[in-house]
Amino acid sequence: MQTLIIPSKSLHQTHWQLSMNLCLLLLLSVLCLTADVCAAKVCSLQDVVDHLNLTANRNRLTTVRPVRDWTVPTVVHLDIFIYAILSVHEKSQTFTPYIWIMTYWKNDFIFWDPEDFCGIQQVIIPRHLLWKPDLIIYETMDKTEASESPYLVVKHNGEVLMDSNIKVVSTCAIDVLKFPFDTQKCNLTFSSAVHTDKEIQLVPVSNSSRATKNSQEIMQTQGEWEFLNVSVHTKTLDIAELGSWDLVVYTITIRRVPLLYVLTFILPILFFLTLDLASFFMSDTRGDKLCFKVTVLLAMSVLLLILTDTLPSKAKKTPLIAVYVIVVFAFMLLSVLETILVVYLMERASTQQARWLGRGVSCRRAPSPEGLPNSD
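It should be emphasised that the depicted structure is a prediction, and the values quoted were computed from it without experimental measurement.

### Structural notes on the overall build of the chain
Here comes step 1: Secondary structure assignment for the chain yields 6 helices and 12 strands.
Here comes step 2: Split into buried and exposed, the 376 residues of the chain put 32% on the buried side.
Here comes step 3: In the chain, 75% of the contacts between residues at least 6 apart in sequence involve partners at least 24 apart.
Here comes step 4: A total accessible area of about 23800 Å² is found for the chain, and carbon and sulfur atoms account for 62% of it.

And the structure:
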């Protein structure tokens, strides 16, 4: 029987290889464990919602102002952008823009650490889960058509962002003195419906120049009006025994594009006046001249009716274009009266001439007495 003898040097190398393999296995195990832990650290938006306990049954976040100290007012930041100028109705004194309203405020009951949720800094939740400021527009005279986003953007520091697109039918004092070369200024006044300035403070985000620039960049349509600028200023509405309210007033300045009115209204009136003046070169022997003048006067009456339907009936000052039309109408009326007078005088003169001619013929044909010569 033979005995296998292993040298001590080979045994030492084998032991060293086993130790290295064991170390590699331990290192791989640690790496795999670390990878599993990192892979297990997966966050979702639902984790943030569960952490905040945002449920429909939590009335504490929807019924009252989200402040820990009731004496601290909620600062609501407001900004608007004008998408389009849909219409300006002079007769009813209304101004209809399409605007985008953006507001954000601080909710003291909502906060989280982004590091605890894989860096999530904001979540989007349904609108009905949180309290919202009750903002209204004082000039609104009809039901607004709103395209509100059904969601709110909530940030980790408690800021809540809300935006909506609204078609506003508002009142506006239309000054038609220089129609159709007029410039109008219409106001949109934002305020809280029931919360005083001790509860809600309104702060505009953009100043006048920035609001004008933003609106000009996103303007879609203006119709017959040219958008000029938006001025922003704040004021306070004080009502005795009720309190005071913060107001943010946006004054929108627009200018009418008069080209269409010049081509379809002002120039035709000048053409009718020119035709009326040219009729003086027509002959007065027949009634064609009078018929022509009456036809032109009726055309002027139609334009006057169109102007009456356009302009308001209770304007503080008489529009200059109405004075212009009335003066031209008066000149044409005098022209018709002059033609009637001339025709009347000519008819009367012709009648008298025929009468004298008839009387002279009867005298020439009368019989002479006997014995006397018949002479004229």
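### A look at the pairing of strand β1 (residues 74-89)
Here comes step 1: Pairing analysis gives 5 bridges linking β1 to strand β10 (residues 200-204), with the strands arranged parallel. Pairing of V75 across the sheet is with Q201, part of β10.
Here comes step 2: Note: β1 against strand β2 (residues 94-106), 11 bridges, orientation antiparallel. Across the sheet, L78 pairs through a bridge with T103, a residue of β2.
Here comes step 3: A loop of 4 residues connects β1 with β2, the two strands running antiparallel in sequence, and Q93 in this loop sits at a positive phi of about 60°.

### What about the sheet that holds strand β11 (residues 225-239)?
Here comes step 1: Taking strand neighbours across the sheet as the criterion, the 4 strands line up as β4-β9-β12-β11 in an open arrangement whose pairing is antiparallel. Because the sheet does not close on itself, it has two edges, and the strands there are β4 (135-137) and β11. Looking at each pair of strands side by side, their axes are set apart by 20° on average, direction ignored.
Here comes step 2: Here β4 pairs with strand β9 (residues 183-192) via 3 bridges, running antiparallel. Residue L135 lies in a different strand from β9, and its bridge partner there is S192.

### Observations concerning the environment of F265
Here comes step 1: Turning to its location among the elements, F265 is positioned in helix α4 (residues 259-278).
Here comes step 2: A relative accessible area of 8% places F265 in the buried class.
Here comes step 3: With 56 residues separating them along the chain, F265 and I321 place their C-alpha atoms 9.9 Å apart.
Here comes step 4: Among all residues touching F265, those that are not within four sequence positions of it are L303, L307, I321 and V325.

### Digging into the nonpolar core
Here comes step 1: Counting residues in hydrophobic clusters, the biggest one holds 68 residues, and the most contacted among them are I125, L130 and F190.
Here comes step 2: Residue contacts for F190: discarding those within four places in its chain leaves L78, I80, I99, I101, I136, I137, L202, D246, L247, V248 and Y250.

### Topic: the packing of α4 against helix α5 (residues 288-310)
Here comes step 1: The contact between α4 and α5 brings their axes to 10 Å, and the two run at 160°. It follows from the interaxial angle that α4 and α5 lie roughly antiparallel. The interaxial crossing formed by α4 with α5 has left-handed handedness. Contacts between α4 and α5 involve F265, P268, I269, F272, L275 and D276 from the first element and F292, K293, V296, A299, M300, L303 and L307 from the second.
Here comes step 2: Looking at the contact of α4 with α5 residue by residue, the class counts come to 11 nonpolar, no polar and 2 charged.

### Quick look at the packing of aromatic side chains
Here comes step 1: Under the criterion given, the structure shown has 6 aromatic pairs.
Here comes step 2: For the pair F190 and Y250, a centre-to-centre distance of 5.8 Å together with 90° between the ring planes defines the contact as edge-to-face. Here the residue F190 occupies a position in strand β9, and Y250 occupies one in strand β12 (residues 243-256), the gap between them amounting to 60 residues. Exposure class is identical for F190 and Y250. Each is buried.
Here comes step 3: Taken together, F81, Y83, Y98 and W100 form an aromatic cluster joined through their ring pairs.

### Remarks on the UniProt feature "transmembrane region" (unreviewed entry) in the chain
Here comes step 1: Per the UniProt annotation, the sites labelled "transmembrane region" (unreviewed entry) are residues 259-278, 290-308 and 320-345.
Here comes step 2: Taken end to end, residues 259-278 is 100% helix and 0% strand, and its first and last C-alpha atoms sit 27 Å apart.
Here comes step 3: End-to-end, the C-alpha atoms of residues 320-345 are 37 Å apart, and along that stretch the chain is 100% helix and 0% strand.

Basis of the calculations
- Residues numbered from 1 in each chain as written.
- Predicted model: local features only at pLDDT ≥ 70, side-chain atom pairs only at ≥ 80, totals over all residues.
- Heavy atoms only, no water.
- Helix = DSSP H or I, 4+ residues; strand = E, 2+ residues; numbered from the N terminus.
- Buried < 20%, exposed > 50% of the residue type's maximum accessible area, 1.4 Å probe, protein only.
- Contact = heavy atoms within 4.5 Å.
- Areas by Shrake-Rupley, 256 points an atom, 1.4 Å probe, with all protein chains shown as cover.
- Pairing = 2+ DSSP bridges.
- Axes fitted to C-alpha atoms, helices over the stretch in contact; angles between N-to-C directions.
- Core = buried A, V, L, I, M, F, W, Y, C linked by side-chain atoms within 4.5 Å.
- Parallel < 35°, antiparallel > 145°, perpendicular 65-115°, else oblique.
- Left-handed = near helix turned anticlockwise from the far one by under 90°.
- Nonpolar A, V, L, I, M, F, W, Y, C, P; charged D, E, K, R; others polar.
- Phe/Tyr/Trp six-rings, centres within 6.5 Å; stacked < 30°, edge-to-face > 60°.
- UniProt positions renumbered as here; feature names shortened; annotations may be inferred.

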